[in-house]
Amino acid sequence: MNIAAPNEGTDLSPYLPDEHGLFFIYHFTADGLRTKVPAEARWTWRSYQITDMRARKEIGAEQSLPALVREAFLSPSRGCHIDFEDDFLYGDLPDLRHDFAEARGLTHFRFAFNETTLIGARKQPLESVDKIRKLVESGARKFRSPAELIEAVMGHSLDGMAVELGKMGDTLDGIEDRIVCDAWHSERQALVDARRHLVIIHRQMATLTNLFRHLDHSHRDDLPDPINDMAARLSHRAHTLHHDGEQLQARTRLLQDELMAKLTEQSNQLLYILSVMTAVLLPMTTISGLFGMNVGGLPLVGTPLGFWAVTAISIAFAGIVYMIVRRLGRV
């Protein structure tokens, strides 16, 4: 299927799909530079809005794609995956939503490519794809093959996740400083949010590491050398980030344990104070209860200084009980 390239002054919008559900189409020469003359192109990159029914119809009619690849493109999202079929490497890999998106976080980039064609699809604007698109349009970087471009997209995606991990590290540093300085009373929710964000990124890194390992084990003999090398480099970077994520998760668990220890210590101190107050007030409560009975024969009833005598006795007993409790507490 041939899709007409846009004219020189009417480039497709990178954010609004056209009547084919297509965001953009770029042609590349053998030198890796963009050309607007399709006849000069060695390979082509097309990007679709995967939720657009027009795009799904175009992809479904793409006869150059193997049936399994078309099925993977059009099936509901089943999480990250990567595989090789009939000279096409295809998959669904994580990327960061663009900064201007309402909810910043992770979403997926769906792709399939061989030596002459790269087809990409996504739901929301993606940060890494948009960065590579700008490099292509400016001519700041050459992409001699689809494998180089996919490696660049995934490299930017991993860089973005590394930045997110770095921000989380800075956040944990601040939380740790406040916990050490006993200014931790408002840090409990911040630590929970940080750990939740880390779990999401770490899970994606673990998935990527396993995917590239699966690709290496299952298709090592089938993959062309450039794709093998690309997979090895991306696998190494994903494994490194996975290790960094594990270290940050270990830090969050340690900080949560330390925070819980401080909460437990604070609770024990409050319980100790309440226990001391209860023990100190017990003699006064007993004496006031005895003298509050409306029966005859109460002592000191007719004595002008009876109130002060009872008060002195209560304070003396309270002082004795307090000293005993303090002594028992030290022991």
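See the structure printed just above.
For the structure given in this document, a descriptive report is provided here.

Procedures and definitions
- Residues numbered from 1 in each chain as written.
- Predicted model: local features only at pLDDT ≥ 70, side-chain atom pairs only at ≥ 80, totals over all residues.
- Heavy atoms only, no water.
- Buried < 20%, exposed > 50% of the residue type's maximum accessible area, 1.4 Å probe, protein only.
- Helix = DSSP H or I, 4+ residues; strand = E, 2+ residues; numbered from the N terminus.
- Pairing = 2+ DSSP bridges.
- Salt bridge = Lys/Arg side-chain N within 4 Å of Asp/Glu carboxyl O.
- Arc of directions from axis to C-beta.
- Contact = heavy atoms within 4.5 Å.
- Phe/Tyr/Trp six-rings, centres within 6.5 Å; stacked < 30°, edge-to-face > 60°.
- Lys NZ or Arg CZ within 6 Å of the ring centre and 35° of its normal.
- Axes fitted to C-alpha atoms, helices over the stretch in contact; angles between N-to-C directions.
- Parallel < 35°, antiparallel > 145°, perpendicular 65-115°, else oblique.
- Left-handed = near helix turned anticlockwise from the far one by under 90°.
- Nonpolar A, V, L, I, M, F, W, Y, C, P; charged D, E, K, R; others polar.

## Side note on unusual backbone geometry
For D86, which is not glycine, the phi torsion reads 50° and is therefore positive. Using a relative accessible area of 53% as the deciding quantity, one classes D86 as exposed. The backbone of D87 sits at a positive phi, close to 70°, despite the residue not being glycine. Position of D87 among the secondary structure elements: in the loop between β4 (81-85) and β5 (88-96). Residue D87 is classed as exposed on the basis of its relative accessible area, which comes to 57%.

## Looking at the pairing of strand β7 (residues 117-122)
Burial analysis of β7 places 6 of its 6 residues in the buried class, which makes it a mostly covered element. Strand direction decides the pairing type here: strand β3 (residues 43-49) and β7, joined by 6 bridges, are parallel. Each residue of the ladder has a partner; that of W45, found in β7, is L118.

## Topic: the pattern of salt bridges
Counted under the stated rule, the structure contains 13 salt bridges. E151 is the salt-bridge partner of R233, the closest N and O atoms lying 2.6 Å from each other. You can see R233 sitting in helix α6 (residues 225-291) and its partner E151 sitting in helix α4 (residues 146-180), a full 82 residues away along the chain. Residue classification places R233 among the partly exposed residues on the basis of a relative accessible area of 44%. We classify E151 as buried; its relative accessible area is 18%. With a shortest N-O distance of 2.9 Å, E176 and R251 are connected by a salt bridge. One end of the pair, E176, is in helix α4; the other, R251, is in helix α6, with 75 residues separating them in the sequence. On the basis of relative accessibility, which here comes to 31%, the residue E176 falls in the partly exposed class.

## Observations concerning helix α1 (residues 53-60)
Turning to α1, its buried residues number three or more, namely A55, E58 and I59. Projected onto a plane normal to the axis of α1, the buried residues spread over an arc of 95° and lie on a single side. Structural note: α1 exposes M53 and K57 on the side pointing more than 90 degrees away from its buried face. Those residues of α1 that are buried lie in contact with β3 and α2 (67-74).

## Overview of the packing of aromatic side chains
By the definition in use, this model includes 7 aromatic pairs. Seen from their ring centres, Y26 and W45 are 5.8 Å apart, and the 70° between their planes marks the pair as edge-to-face. Placement of the pair is Y26 in strand β1 (residues 22-28) and W45 in strand β3, with a sequence separation of 19 residues. Assigned by exposure class, Y26 and W45 land together as buried. Residues F28 and W43 carry aromatic rings whose centres are separated by 4.1 Å and whose planes lie at 5° to one another, so their mutual orientation is stacked. Of this pair, F28 sits in strand β1 while W43 sits in strand β3, and the two are 15 residues apart along the sequence. Exposure remark for F28: the relative accessible area of 1% places this residue in the buried category. A residue is classified by how much of its surface remains accessible, and W43, at 1% relative accessible area, is buried. The structure contains a cluster of three or more aromatic residues connected by ring pairs, namely F24, Y26 and W45. Positioned over the ring face of F23 is R122, at 3.8 Å from the centre of the ring.

## Brief notes about the packing of α4 against helix α5 (residues 188-219)
Between α4 and α5, whose axes approach to 11 Å, the crossing angle comes to 150°. Looking at the two axes, α4 sits roughly antiparallel to α5. As α4 packs across α5, the resulting crossing turns out to be left-handed. In contact with M154, L158, M161, E164, L165, M168, L172 and I175 of α4, α5 contributes A190, L191, A194, H197, L198, I201, M205 and L208. Of the residues assigned to the contact of α4 with α5, the class counts are 14 nonpolar, 1 polar and 1 charged.

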